[in-house]
Amino acid sequence: MPLTGSQRHRNATSKRFWGVTVLFTCALILSACGDDEGSGPQFVSDVRPTSISTQTVSAPSPTATTPPTEQATSEPGSVISTRSAPRFAYLIIDGALTSYDSAGRTFTRIDLPSDLTLIGHAASPTGDRVGVLGVQNSRLIVQFFGADGVALTEAIPLSVPSIPRVESSPSATPGATPATAMPVQDTANKLHIDWIPQGNAVTVSGPGVNQRVSMSGEVMPISRTGVAGTVMRSIWSPMDLQVAIQTQLQNGDQSVYLLDSGHDEARPLEAFEDIHGQGLSNLQWMPSGLGLIAVMGDVENGVVMNGQLYMYRFDAETPSLIATSGLGGPSSTITHAVVSPDGHSIAYAVMVRDLNTWHLHSLWVRSMKSGPAVSIPTDSGSPITSLQWTEEGIVWQQADGTLMVVDDSLNPRPLGTSPVATPVVEASPAATPIDELVPVG
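Scoring rules and cut-offs
- Residues numbered from 1 in each chain as written.
- Predicted model: local features only at pLDDT ≥ 70, side-chain atom pairs only at ≥ 80, totals over all residues.
- Heavy atoms only, no water.
- Helix = DSSP H or I, 4+ residues; strand = E, 2+ residues; numbered from the N terminus.
- Buried < 20%, exposed > 50% of the residue type's maximum accessible area, 1.4 Å probe, protein only.
- Areas by Shrake-Rupley, 256 points an atom, 1.4 Å probe, with all protein chains shown as cover.
- Phe/Tyr/Trp six-rings, centres within 6.5 Å; stacked < 30°, edge-to-face > 60°.
- Lys NZ or Arg CZ within 6 Å of the ring centre and 35° of its normal.
- Core = buried A, V, L, I, M, F, W, Y, C linked by side-chain atoms within 4.5 Å.
- Contact = heavy atoms within 4.5 Å.
- Pairing = 2+ DSSP bridges.
- Axes fitted to C-alpha atoms, helices over the stretch in contact; angles between N-to-C directions.
- Salt bridge = Lys/Arg side-chain N within 4 Å of Asp/Glu carboxyl O.
- Polar contact = N/O pair within 3.5 Å; in protein donor to acceptor, adjacent residues only side chain to side chain.

S.K.: Tell me about the overall build of the chain, and name the residues and values.
M.R.: Scanning the chain from terminus to terminus reveals two helices and 27 strands. The buried share of the chain, taken over its 441 residues, is 44%. Accessible surface for the chain amounts to roughly 23200 Å². Of this, 56% is attributable to carbon and sulfur atoms.

S.K.: I'd like a rundown of the packing of aromatic side chains, residues and numbers included.
M.R.: If you walk through the whole model with that rule in mind, you get five aromatic pairs. Measuring from centroid to centroid gives 6.0 Å for Phe272 and Tyr312, while their planes differ by 80 degrees, and the two rings are edge-to-face. Remark: Tyr312 occurs in strand β18 (residues 303-313) and Phe272 occurs in the loop between β15 (267-268) and β16 (278-285); sequence separation between them is 40 residues. For the residue pair Phe272 and Tyr312, the accessibility class agrees, reading buried in each case. Each member of the aromatic cluster is reached from another via a ring pair, and the members are Phe272, Trp285, Tyr312 and Phe314. In this structure, Arg212 packs its charged tip against the face of Trp236, placed 5.8 Å from the ring centre.

S.K.: For the nonpolar core, give the residues involved together with the corresponding values.
M.R.: Core analysis: the biggest nonpolar cluster contains 21 residues, and Ile80, Val365, Ile394 and Trp396 have the highest contact counts within it. No other element matches the four residues that strand β22 (residues 357-367) contributes to this core. The residues contacting Val365, other than those within four sequence positions of it, are Val79, Ile80, Ser345, Ile346, Ala347, Ala373, Val374, Ile376, Trp389 and Ile394. Counting 18 residues, the second-largest nonpolar core is a separate cluster that includes Leu133, Val135, Val204 and Val213.

S.K.: A description of the sheet that holds strand β9 (residues 201-206) should follow, citing residues and the corresponding values.
M.R.: Strands sit in the order β8-β9-β10-β11 across an open sheet of four strands; the sheet is antiparallel. Every interior strand has two partners, whereas the edge strands, β8 (192-195) and β11 (219-221), have only one. On average, each strand axis in the sheet is inclined to that of its neighbour by 25 degrees, with strand direction left out of account.

S.K.: I'd like a rundown of the sheet that holds strand β23 (residues 374-376), residues and numbers included.
M.R.: Taken in spatial order, the four strands of this open sheet run β20-β21-β22-β23, and their pairing is antiparallel. Lying at the two open borders of the sheet, with one neighbouring strand each, are β20 (332-339) and β23. The average undirected angle you get between the axes of adjacent strands in this sheet is 30 degrees.

S.K.: An account of the pattern of salt bridges is needed here, citing residue identities and associated values.
M.R.: What the rule picks out here adds up to ten salt bridges. One salt bridge connects Asp194 with Arg233, and the closest N-O pair in it is separated by 2.8 Å. One end of the pair, Asp194, is in strand β8; the other, Arg233, is in strand β12 (residues 230-236), and 39 residues separate them in sequence. Each member of the pair, Asp194 as well as Arg233, is classed as buried. With a closest N to O distance of 2.6 Å, Glu392 and Arg413 form a salt bridge.

S.K.: Break down unusual backbone geometry for me, with residues and values.
M.R.: Across the chain, the bulk of peptide bonds are trans and the bulk of non-glycine residues have phi less than zero. The phi dihedral of Arg105 is positive, around 55 degrees, even though this residue is not glycine. Its location among the elements puts Arg105 in the loop between β2 (96-101) and β3 (106-109). Within the chain, Asn306 stands out as a residue other than glycine whose phi angle is a positive 50 degrees. Among the structural elements, Asn306 can be located in strand β18.

S.K.: Any details on the environment of Ser223? Residues and values, ideally.
M.R.: Inspection of the secondary structure assignment puts Ser223 in the loop between β11 and β12. Assessed through its relative accessible area of 21%, Ser223 is described here as partly exposed. In this structure the side chain of Ser223 is engaged in a polar contact, spanning 3.3 Å, whose partner is the backbone nitrogen of Thr225. Among the polar contacts listed, one links the side chain of Ser223 to the backbone oxygen of Asp264, at a separation of 2.4 Å.

S.K.: Describe the side chain of Ser124, naming the residues involved and giving the relevant values.
M.R.: Checked against the element boundaries, Ser124 lands in the loop between β4 (117-123) and β5 (129-136). Of the residues examined, Ser124 reaches a relative accessible area of 4% and is grouped as buried. Residues contacting Ser124, with those up to four places away along its chain left out, are Arg129 and Trp195.

In structure tokens:
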């Protein structure tokens with residue numbers, strides 16, 4: 001049936017309406033696309049940005065930030081920090097006290113008197129000199145030498161009623177037992193020599209001896225008023241404000257006292273009062289002077305066994321555990337714990353006793369704040385006799401004569417040798433584009 005004029009008019013109007021609607025919808029879509037992709041014309045040759053590049057990234061709120069772990073923020077080797085470490089190390093090599101210059105990787109023998117029986121030695125805080133403790137002409141003496149091996153002072157006799165029973169130690173660690181016997185322990189027949197932070201005097205301490213010996217030759221007693229038991233060791237605070245005095249009672253109980261500068265009476269450090277039946281070794285100050293480091297464990301035949309490494313800050317109630325010797329089993333202990341000069345890390349050895357013979361189980365370094373301990377590769381199971389920090393890295397010596405150093409690369413090398421350069425990997429010819437191999441012409 002043919003449409004009437006009115007029907008044709010309505011159809012035309014409807015088509016025009018839908019046409020306008022479609023055009024308007026397309027315009028809205030194009031406008032939205034333009035807003036999403038950015039202003040300006042878009043061409044096929046234009047690189048269209050990804051959704052990430054067009055997003056506005058806001059900075060995270062400080063309260064919502066999660067502190068990264070040690071492993072996430074740095075490589076494991078970064079725990080070997082040599083900042084503030086001394087240039088020189090002092091070692092016993094072929095029975096002779098020797099200085100090692102980490103800058104030139106050279107060794108220099110210290111010119112000790114031939115009639116001196118060496119008991120112990122200690123490097124100055126800067127490493128440029130060494131204090132020697134020994135027996136000469138039936139006298140207990142201290143003498144100072146430079147890193148070049150030349151004597152800086154004459155022998156200084158100590159004022160003691162009698163010469164204590166001592167043992168000559170071939171170990172490079174002050175007060176250490178012979179390298180073939182047991183790890184370093186604070187036993188009743190050992191004397192210790194430690195530097196005062198100013199680098200102009202040392203302390204000599206042990207059963208029957210507790211004195212300050214200046215390079216000028218002055219010998220002064222260190223007060224032990226208020227101290228109960230036999231003095232085992234006295235070490236001066238890096239801040240020159242206090243002296244930590246380790247003692248032992250006849251029943252074997254050990255304590256730590258603090259003697260404040262300018263005072264005559266020491267006071268007990270309560271954090272170490274509840275260690276009855278346990279022994280202390282490796283007692284040392286934190287470089288900040290705000291606390292102490294010590295290994296604590298059970299005493300077996302005068303030796304600290306199952307020793308665990310603790311840090312005690314004076315603002316804390318109790319010492320906090322840093323490391324255990326559990327990996328070595330029930331016959332193991334931690335020895336030779338040494339804090340880095342900047343206080344950020346600590347290196348230590350785990351030793352194992354088997355039929356009264358000591359073996360190195362493992363060598364470790366870890367951050368004092370957080371993160372896992374990092375194992376230092378070793379090739380010999382011979383017991384550690386010395387462990388110290390230098391500008392070059394961590395230097396250690398073993399009873400079989402092994403002398404090694406490791407830096408933050410975690411690749412140990414013999415002491416005195418240069419680091420092995422990392423080989424440069426060249427690109428394989430197969431990776432070169434073919435069109436670059438074909439001559440153009």
